[in-house]
Amino acid sequence: FDRLRYVEVKHGRICQLAFLGQIVTRNGIHLSGSIDQAGNSFDSFPNGIAAIFGPNAIPQAGLIQIFLFVGFLELGVMKDVTGESEFPGDFRNGALDFGWDSLDEETKLSKRAIELNNGR
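Basis of the calculations
- Residues numbered from 1 in each chain as written.
- Predicted model: local features only at pLDDT ≥ 70, side-chain atom pairs only at ≥ 80, totals over all residues.
- Heavy atoms only, no water.
- Helix = DSSP H or I, 4+ residues; strand = E, 2+ residues; numbered from the N terminus.
- Expected span 1.5 Å × (residues − 1).
- Contact = heavy atoms within 4.5 Å.
- 1 Å grid on protein atoms, 1.4 Å probe; cavity = no way out; pocket = protein on both sides within 12 Å on 5 of 7 lines; lining within 4 Å.
- Points joined across faces, edges and corners; volume = space filled by probe spheres on them.
- Nonpolar A, V, L, I, M, F, W, Y, C, P; charged D, E, K, R; others polar.
- Buried < 20%, exposed > 50% of the residue type's maximum accessible area, 1.4 Å probe, protein only.
- Axes fitted to C-alpha atoms, helices over the stretch in contact; angles between N-to-C directions.
- Parallel < 35°, antiparallel > 145°, perpendicular 65-115°, else oblique.
- Left-handed = near helix turned anticlockwise from the far one by under 90°.
- Salt bridge = Lys/Arg side-chain N within 4 Å of Asp/Glu carboxyl O.
- pLDDT = per-residue confidence, 0-100.

Some remarks on helix H1 (residues 2-26)
Line of reasoning, step 1. Over its 25 residues, H1 runs 36 Å from end to end, which matches the ideal 36 Å to within 8%, given 1.5 Å per residue.
Line of reasoning, step 2. Looking at the packing, one finds that the buried side of H1 touches helix H3 (60-77) and helix H4 (105-118).
Line of reasoning, step 3. The first or second residue beyond H1 is glycine 28, which carries a positive phi of 85°.

See the structure below:
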């Protein structure tokens, strides 16, 4: 069950980040600077699925870089390295806390349930 819950939480977090990315870019907020050596800016590419399949899509090499970076995060970073996790999906690894340890057990359980429901 822990493995299934871990995967559910992880995919929920990915979906929440993807939704936030859609909202931000559709409101015209983009990173500043150039995305490649040719001088194309981040806002020169379309939003949403058109960024992958449209006429002004991100080049194939850029999509491969994104895919490899996500694979690196999946295999090397986003896992319980220290074995200190309190629950499935706890990737703090003894470093990040943001006040989590100061919360009582009831509040922790409530916040975990909120995250789980928002990711569904």
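Back to the write-up after that little detour.
Regarding the layout of surface pockets
Empty space among the atoms becomes visible once a probe the size of a water molecule is rolled across them.
Line of reasoning, step 1. By volume, the largest pocket is sized at about 1400 Å³.
Line of reasoning, step 2. If you go around the largest pocket, you meet 32 residues; those closest to its centre are Ala18, Gly21, Ile58, Ile66 and Val70.
Line of reasoning, step 3. Among the elements that take part in the lining of the largest pocket, H3 stands out by supplying nine residues, more than any other.
Line of reasoning, step 4. Its residues assigned to classes, the lining of the largest pocket shows 20 nonpolar, eight polar and four charged.

Here we look at the environment of arginine 3
Line of reasoning, step 1. Structurally, the position occupied by arginine 3 is in helix H1.
Line of reasoning, step 2. Residue arginine 3 is classed as exposed on the basis of its relative accessible area, which comes to 57%.
Line of reasoning, step 3. Along the backbone, arginine 3 and serine 85 are 82 residues apart, and their C-alpha atoms lie at a distance of 13 Å.

Some thoughts on the packing of H1 against H4
Line of reasoning, step 1. Put simply, H1 and H4 touch, their axes get as near as 8 Å, and they point 65° apart. Looking at the two axes, H1 sits roughly perpendicular to H4. For the pair H1 and H4, the crossing hand works out as left-handed. Residues Arg5, Glu8, Val9, Arg13 and Gln16 of H1 pack against Glu115, Leu116 and Asn118 of H4.

Quick notes on the pattern of salt bridges
Line of reasoning, step 1. Tallied over the full model, the rule gives three salt bridges.
Line of reasoning, step 2. Among the ionic pairs, arginine 5 bridges to glutamate 8, the shortest N-O distance being 3.3 Å. With a gap of three residues between them, arginine 5 and glutamate 8 both fall in helix H1, about one helical turn apart.
Line of reasoning, step 3. A relative accessible area of 29% means that glutamate 8 is categorised as partly exposed.
Line of reasoning, step 4. With a closest N to O distance of 3.7 Å, lysine 108 and glutamate 105 form a salt bridge. One end of the pair, lysine 108, and the other, glutamate 105, are both in helix H4, three residues apart, so they sit about a helical turn from each other.
Line of reasoning, step 5. On the basis of relative accessible area, lysine 108 is assigned to the buried category, the value being 8%.
Line of reasoning, step 6. Of the residues examined, glutamate 105 reaches a relative accessible area of 58% and is grouped as exposed.

Quick look at the confidence of the model for the protein chain
Line of reasoning, step 1. Overall, the predicted model of the protein chain reaches an average pLDDT of 83, with 98% of residues at or above 70.
Line of reasoning, step 2. Mean pLDDT values over the elements of the protein chain span from 82, in H4, up to 89, in helix H2 (residues 50-53).

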